[in-house]
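Overview (structure and organization)
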Amino acid sequence: MPAPQPRPNVQRIPAYVPGKPPEVRPGTTAYKLSSNENPYPPLPGVVEAADAAARQMNRYPDMGATALYAALAGHLGVPADHLSLATGSVGLIYQVLNGWCEPGDEGVYAWRSFEAYPIAATAAAATSVQVPVLPDGRHDLDAMAAAITDRTKVVQVCTPNNPTGPAVTQTELDAFLAKVPPHVLVVVDEAYLEFVRMDDPVDGIATYAAHDNVVLFRTFSKAYGLAGFRVGYAVSNAPIAAALRAVSLPFGVSSVAQAAAIASLEAHDALLERVEALVVERARVYDGLRELGWDVPEPQGNFVWFGLGERTGDFAAAADAVALTVRPFAGEGVRVSIGEVEANDRLLALAADFPR
Ligand SMILES: *Cc1c(COP(=O)(O)O)cnc(C)c1O
């Protein structure tokens, strides 16, 4: 008797490689720099809000997420019906590919970029069209525009790009959008938006307001430090938002997560302070690496990229030996999150010892 079979694409879904937890080494504090997490504890008021919500765990969450939508709408200055919540922005990536692609339709994105893109595309039976990033880790937006065909439904622009680090400029994004046909949905994945410090940065809100085929993906996982709670949201015009809501998992964002997200938005000043401290650390690490002779791409997120090629495994092992857990991409490079000051010092010491 034949066994029940999932769709053939299910067998081709690549495995997500999560950042490893740190190894315990007696006498040394181990640091996990492998998942771009925020090293700070929850923002003031967040634990209390989550605790209060947890006491109601016998109840379903507010399916309409009314309070969180209202808080976000106020915070961003957009109508609430331009927003759609999800279980992290990874949830949104799945929803957009499932909602927009018929089997065999194409999703275009840069590569190497966020590893959830090929996973979600394959899960949706869509075809991934991967456009190599430039040698300095930036998106090749001209090549991405040229890769669009009649079958393209979605293009994902990851800015800043995980794992290489650089962000696109508004001028570059505008020139790209001018070339994209209006029926193609352009996702601007702004997971690291809060960390961007550059000339001519992307203004996502102005961009989506000017383009009916643009959707922004944002998350509470990185700057806001709620990675464990799974809250992300999209910003787009109302029809796109309605479609994203329609394909979302009912009750996906838990009541505890909703409460924590609202409290995090209220702690905006504390958030800005922490993000600024991480940006200062990022600059210290980047400058330090360049002084040591490392040619790393300009980091605009909370991580740096070492394009080590074949020596990727050696670097990851050397990091392990000093109780730093980093994220190797075999044969390509190593991504290291900006962490606690001591963790960053240890990374610089490692980079000084490791042959360039
Ligand atoms: C971390 C990350 C996300 C979001 O993750 P969630 O925790 O699911 O919100 C989205 N895009 C990129 C590029 C990321 O690095």
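These numbers were taken from a predicted model, which means no experiment stands behind them.

**Focus on the packing of helix 3 (residues 88-100) against helix 4 (residues 116-123)**
Relative orientation of the contacting elements helix 3 and helix 4 amounts to 35°, with a least axis distance of 9 Å. Of the two possible hands of crossing, helix 3 and helix 4 adopt the one that is right-handed. Contacts between helix 3 and helix 4 involve Val90, Ile93, Tyr94 and Leu97 from the former and Ala116, Tyr117, Ile119, Ala120, Ala121 and Ala123 from the latter. Grouping the amino acids of the contact of helix 3 with helix 4 by side-chain chemistry returns 10 nonpolar, no polar and no charged.

**Quick word on the sheet that holds strand 12 (residues 333-337)**
A sheet is described by the order of its strands in space; here 3 strands give the open sequence 9-12-11, paired in antiparallel fashion. Each having just a single partner strand, strand 9 (303-306) and strand 11 (327-329) make up the two edges of the open sheet. Strand-to-strand twist of the sheet, defined as the mean angle between neighbouring strand axes without regard to direction, takes the value 20°. Sheet topology note: the strand 11/strand 12 ladder contains 3 bridges and is antiparallel. Residue Arg327 lies in a different strand from strand 12, and its bridge partner there is Arg335. Where helix 11 (residues 312-321) meets the sheet, its contacts fall on strand 9, strand 11 and strand 12, and the angle it forms with strand 12 comes to roughly 35°.

**Focus on the pattern of salt bridges**
This model, assessed by the stated rule, comprises 14 salt bridges. Its salt-bridge partner being Asp51, residue Arg55 comes within 3.0 Å of it at the nearest N-O pair. Its relative accessible area of 62% is what places Arg55 among the exposed residues. Here Arg327 makes a salt bridge to Glu115, at a shortest N to O gap of 2.8 Å. Pair noted here: Arg327 is in strand 11 and Glu115 is in the loop between strand 3 (106-111) and helix 4, with a separation of 212 residues, a long-range link. Pair check on accessibility: Arg327 and Glu115 agree, each one buried. A network of salt bridges, in which partner residues are shared, links Asp105, Arg151 and Lys153.

Definitions and cut-offs
- Residues numbered from 1 in each chain as written.
- Predicted model: local features only at pLDDT ≥ 70, side-chain atom pairs only at ≥ 80, totals over all residues.
- Heavy atoms only, no water.
- Axes fitted to C-alpha atoms, helices over the stretch in contact; angles between N-to-C directions.
- Helix = DSSP H or I, 4+ residues; strand = E, 2+ residues; numbered from the N terminus.
- Left-handed = near helix turned anticlockwise from the far one by under 90°.
- Contact = heavy atoms within 4.5 Å.
- Nonpolar A, V, L, I, M, F, W, Y, C, P; charged D, E, K, R; others polar.
- Pairing = 2+ DSSP bridges.
- Salt bridge = Lys/Arg side-chain N within 4 Å of Asp/Glu carboxyl O.
- Buried < 20%, exposed > 50% of the residue type's maximum accessible area, 1.4 Å probe, protein only.

That is the geometry; function is a separate question.
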